[in-house]
Amino acid sequence: MNQTIISASPHIRSRVTTRRLMIDVIIALVPCCAAAIVFFGWYSLAIMAIAVVTAVATEAVYSLVYRKAWKDFKGTMLQIVCDFDFTSVISGLILALVLPTAYNVKGEMILLPWYIPFLGSIFAIALCKMLFGGTGRNLVNPADTARVFLFISFTAMLTGCVGTCVINPIFAPSADISEVLSGATPLTAMLAGNKETLSALDLFLGTGVDGSMGETCKIAILVGFAYLAIRRVIKWYYPLIYILTAGVFAVMLEGFDFAYFLPSVLSGGLMFGAVFMATDYSTSPKSTLANVIYFVCLGLLNAGLRKATGIEVTSFCILLMNCLTPMIDRYIPRRPFGYVREKKAKKEEDKA
């Protein structure tokens, strides 16, 4: 017989559900999806569709097998539909947005093969989410880890990105097209010592920027960030701590040359990762102090590893800090709800 076990008080009730939070995240990602279509063409929509459908299907198949659906297929399917919380949709969508639409091989543009988002979504959901127990139990961010997996497995396809200047952009970049098509992304060029490949305005708008399709337009990311902050899905200062720490440390590593601040902040996937991947509930610390330490470390790692390797490392930094989150939570635990400090309690007793 099923029994409901109620823990000791105090209790807190809220109308906020996982499903509602995930729908808010999907809405926040809509501007990035729209920017990807505008700057990179309709093929980006196909990549998003493949990634999302594969992620949802993988979760459904895994759940059917785990729950032994052959014993009661109809009942199991109904339970899966009732339990669906849109987390797999978000994982697939974020994974798609951190992928390029095309890559450059000897000056020729080749569209990203369909099996890249397909394999990435299966890896994200089956191995990084469901294998750990499903929603809220995953140790690492599924989309971020899948991005690392694809980067290691298909390095040439994910590093030889082709930007908007090739796929008929609506807005023309102010930089010289021949410089943009030289094969180096703005971030790679900056790390190589060239700060003038694209202007700060181009980097902010996403015009003529080579890279992943959801990371280039910073306006779209900021709109999503504002929505999540207003809806209180995330705390607004966590991503800012990450971004500002990375920018300031990058300036320090370049001999306090502040010309590197804006290019380092606006280049690569720093802003997208800070807003949509590093703030994942399951893989970030629980207490405020632990989160501050977590995001400061992310910023230091991001700027330091960028300087050391000369490539984009945001996904690797988030993955590394995800693995360290349990240790951070162990030494900086969250204060229990309703907890009152002993000294304060004694003073109240004395007054009474």
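Residues numbered from 1 in each chain as written. Predicted model: local features only at pLDDT ≥ 70, side-chain atom pairs only at ≥ 80, totals over all residues. Heavy atoms only, no water.

A closer look at the environment of Val209
Inference 1: With respect to the helices and strands, Val209 occurs in the loop between helix 10 (200–205) and helix 11 (218–230).
Inference 2: On a C-alpha basis, the gap between Val209 and Phe39 in space is 9.3 Å, while along the polypeptide they are 170 residues apart. (Helix = DSSP H or I, 4+ residues; strand = E, 2+ residues; numbered from the N terminus.)

Overview of the environment of Arg335
Inference 1: Counting through the fold element by element, Arg335 comes out in the loop between helix 16 (314–331) and helix 17 (342–351).
Inference 2: When its relative accessible area of 57% is taken as the criterion, Arg335 is described as exposed.
Inference 3: The spacing of Arg335 and Thr288 is 47 residues in sequence and 9.7 Å in space, taken between C-alpha atoms. (Buried < 20%, exposed > 50% of the residue type's maximum accessible area, 1.4 Å probe, protein only.)

Considering the pattern of salt bridges
Inference 1: Going through the model one piece at a time under the given rule, you end up with seven salt bridges.
Inference 2: Between Glu59 and Lys129 there is a salt bridge whose closest N-O contact spans 3.3 Å. In this pair, Glu59 sits in helix 2 (residues 43–66) while Lys129 sits in the loop between helix 5 (115–127) and helix 6 (142–153), placing the two residues 70 residues apart along the sequence. Across the pair, exposure class does not vary: Glu59 and Lys129 are buried alike.
Inference 3: Lys307 is the partner of Glu254 in a salt bridge, and the nearest nitrogen-oxygen pair spans 2.9 Å. Note that Glu254 is positioned in the loop between helix 12 (237–253) and helix 13 (261–266) and Lys307 in helix 15 (residues 288–309), a separation of 53 residues in sequence.
Inference 4: Of the residues examined, Glu254 reaches a relative accessible area of 22% and is grouped as partly exposed.
Inference 5: In the salt-bridge network here, residues are joined through shared partners; they are Arg20, Asp24 and Arg231. (Salt bridge = Lys/Arg side-chain N within 4 Å of Asp/Glu carboxyl O.)

Quick notes on the environment of Thr87
Inference 1: When you line up the elements, Thr87 lands in helix 4 (residues 87–97).
Inference 2: Since its relative accessible area comes to 10%, Thr87 is described here as buried.
Inference 3: Considering only alpha carbons, one finds Thr87 and Ile26, 61 residues apart in sequence, at a separation of 9.3 Å.
Inference 4: Those residues in contact with Thr87, other than ones at most four positions away along the chain, are Thr18, Met22, Glu59, Lys129 and Thr135.
Inference 5: One polar contact links Thr87 to Thr135, side chain to side chain, over a distance of 3.3 Å. (Contact = heavy atoms within 4.5 Å. Polar contact = N/O pair within 3.5 Å; in protein donor to acceptor, adjacent residues only side chain to side chain.)

A closer look at the nonpolar core
Inference 1: Leu29, Leu97, Phe272, Phe276 and Leu298 are the most contacted members of the largest nonpolar core, which has 74 residues in total.
Inference 2: Among the elements that line this core, the one with the most residues is helix 1 (residues 18–40), at 11 residues.
Inference 3: What Leu298 contacts, discounting residues up to four positions off in sequence, is Tyr242, Ala278, Cys317, Ile318 and Met321. (Core = buried A, V, L, I, M, F, W, Y, C linked by side-chain atoms within 4.5 Å.)

Brief notes about a nonpolar patch on the surface
Inference 1: Together, Trp114, Tyr115, Phe118 and Leu119 make up a nonpolar patch on the protein surface, roughly 370 Å² of accessible area in all.
Inference 2: Following the sequence through the fold, Tyr115 ends up in helix 5.
Inference 3: The class for Tyr115 is partly exposed, based on a relative accessible area of 30%. (Patch = residues over 30% accessible without salt bridge, like charges linked within 9 Å, V, L, I, M, F, W, Y side chains within 5 Å. Areas by Shrake-Rupley, 256 points an atom, 1.4 Å probe, with all protein chains shown as cover.)

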